[in-house]
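Architecture at a glance
Here is what each chain is made of, one letter per residue.
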Amino acid sequence: MNQVKLRKGLNIHLKGKAAEEKIQLKSKGKYALIPDDFNGVIPKLSVREGDHVKAGDALFVNKQYPEVRFASPVSGTVRAIVRGERRKVLAVELEADKQQEYADFGCKDVSTMDGDSVLESLLEAGIFGYIEQLPYAISTNPEAKPKAIFVSALRDKPLAADFEFEVRGQEKDFQTGLTALSKIAKVNLGVGKHSSFENYKDVEVTVFDGKCPAGNVGVQVNNIDPVNKGEVVWTIGDPTVVLFIGRLFNSGKTDLRRTVALCGSEVKKPAYADMLVGEELSTLVSNSYDESHSVRIINGNVLTGHPTTKEGFLGAHSSEITIIPEGNDADEFAGWIMPRFNQFSVNHSYFSWLFGKKEYALDARVKGGERHIIMSGEYDRVLPMDIYGEYLIKAIIAGDIDKMEQLGIYEVSPEDFALAEFVDSSKLELQKIVRDGLNMLRKENS
């Protein structure tokens, strides 16, 4: 077992962390699979409105790699195909059956399988598309032979769901998933300090000791085995995907159930709940907060999630549904000149830093307008990677592909810049800039 000590990063302590208890939900039977949850995938529909599907049947495939299927989380009727501009598929909505049926893929003993048969099983069951790759931080393709597979079992973003709580009682499925992946390539498992994941077999365990974003799979790749041009690694930053894989081989079914944290300072009783990928959020968030308050519901965590409503659907990789104040009704006397004991500041601009690890109820305000980049090194203080973050961002904005390659764009994903975006004095949308740069590079290299 290896250990990596990271000195850069930032822990943001927020109010509303989920208590380690589960609430029971009664589903309303509405589900939807969102193609945009899978970066780099151009969906081609496998169903029409009115079709009946079983859990595990394909709803759509990746147009570029048709063998990569995306499975229905439930059995039921295709209620609607939601389209956007230029007939882009935005969602495949389902009305679930009262009695669930599952496509049977057969139980398998992964210890006797080789890499090709494991890969074929993942493709058939519609789970393979949940695995991503570096470079480009997109859903990977079966033709890309990875030099290694990286799995992060460390969630350390603000209010992040505790994976150790989720995996309790499912240790067998997690081990089966890791063993299955090890048949394809060497598996590196990144864990936190004092983790209970150190004894799993068929993987090389690395303990990451440091502040957020030590749990980012891209940070772990950069500190163990960086990606060079022409190389590919598969990444699983959402460890629940390993449970999906393990359940497939142990039960013969596609089971896309995950444990979700309902968290945030606006939530009355933060807790966990078991939900299926694509389940309607009203099942979880109804009556969970004071609806007279102006709030932002985030599908995911506060750093990398996206705004949604209670009529939205659980994202394919979302382990948290976070509810925080919107901030559009904030009325502060004298504004920035006040000492602001209840506001968080990285640079000690407010007196709140005197209170140590105090928990804050931050709202969604940006508190400033977009301006020119200030070359102050503030990105580098929270980015524990061997790259020059500010120079890379400038190269992307300038569209300088040669500079982007030299400065390490093959090693990064948008989430690696989430903390840099939080501390950025220039108020730039760094994650969007990085995603645009990766898309530009992928188009040039295709």
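On a predicted model such as this, the values are computed, not experimentally measured, just so you know.

**Regarding the packing of aromatic side chains**
Aromatic ring pairs: the centre-centre distance and the angle between the two ring planes describe each pair. Taken as a whole, this structure holds 13 aromatic pairs when the rule is applied. Their ring planes at 50° and their centres at 4.6 Å tell us that F38 and F70 sit as a pair that is tilted. Here F70 lies in strand 6 (residues 69-71) and F38 lies in the loop between strand 2 (30-33) and strand 3 (43-45), a separation of 32 residues in the sequence. One exposure class covers both F38 and F70, and it is buried. Following the ring pairs from residue to residue traces out a cluster consisting of F38, F60, F70, Y130 and F244. Across from the ring centre of Y102, 4.9 Å away, lies the NZ or CZ of K253, which sits over that ring.

**Focus: the pattern of salt bridges**
Counted under the stated rule, the structure contains 21 salt bridges. The partner of D274 in a salt bridge is K22, with the nearest N and O atoms 3.1 Å apart. A residue pair is termed long-range when its members are at least 10 positions apart, and D274 in strand 16 (residues 271-276) and K22 in the loop between strand 1 (2-5) and strand 2 qualify at 252 residues. Since its relative accessible area comes to 32%, D274 is described here as partly exposed. Here K229 ties to E405 by a salt bridge, and the two come within 3.4 Å at their closest N and O atoms. In this pair, K229 sits in the loop between helix 4 (217-224) and strand 14 (233-236) while E405 sits in helix 8 (residues 401-406), placing the two residues 176 residues apart along the sequence. By relative accessible area, which is 58% here, K229 ends up exposed. The network of salt bridges with shared partners includes R155, E166, D238 and R258.

Basis of the calculations
Chains are numbered independently. Their residues run from 1 in the order of the written sequence. Given that the model is predicted, a residue must reach a pLDDT of at least 70 before its local features are reported, and side-chain atom pairs must reach 80 or more before they are shown or counted; all residues, however, enter totals for whole chains, interfaces and linings. To obtain the side-chain values, all non-hydrogen atoms of the structure were used and water was disregarded. Whether two aromatic rings pair depends on their centres lying within 6.5 Å, for rings of Phe, Tyr and Trp, where Trp uses its six-membered ring; planes under 30 degrees apart make the pair stacked, over 60 edge-to-face, and the rest tilted. A helix here means a DSSP run of H or I that spans at least four residues, while a strand means a run of E at least two residues long, and both kinds are numbered starting from the N terminus. Throughout this description, buried means an accessible area under 20% of the type-specific maximum (1.4 Å probe, protein chains only), exposed means over 50%, and partly exposed covers the range between. Charge over a ring is defined by NZ of Lys or CZ of Arg lying within 6 Å of the ring centre and within 35 degrees of the ring normal. Salt bridges are identified by distance alone: a Lys or Arg side-chain nitrogen within 4 Å of an Asp or Glu carboxyl oxygen.

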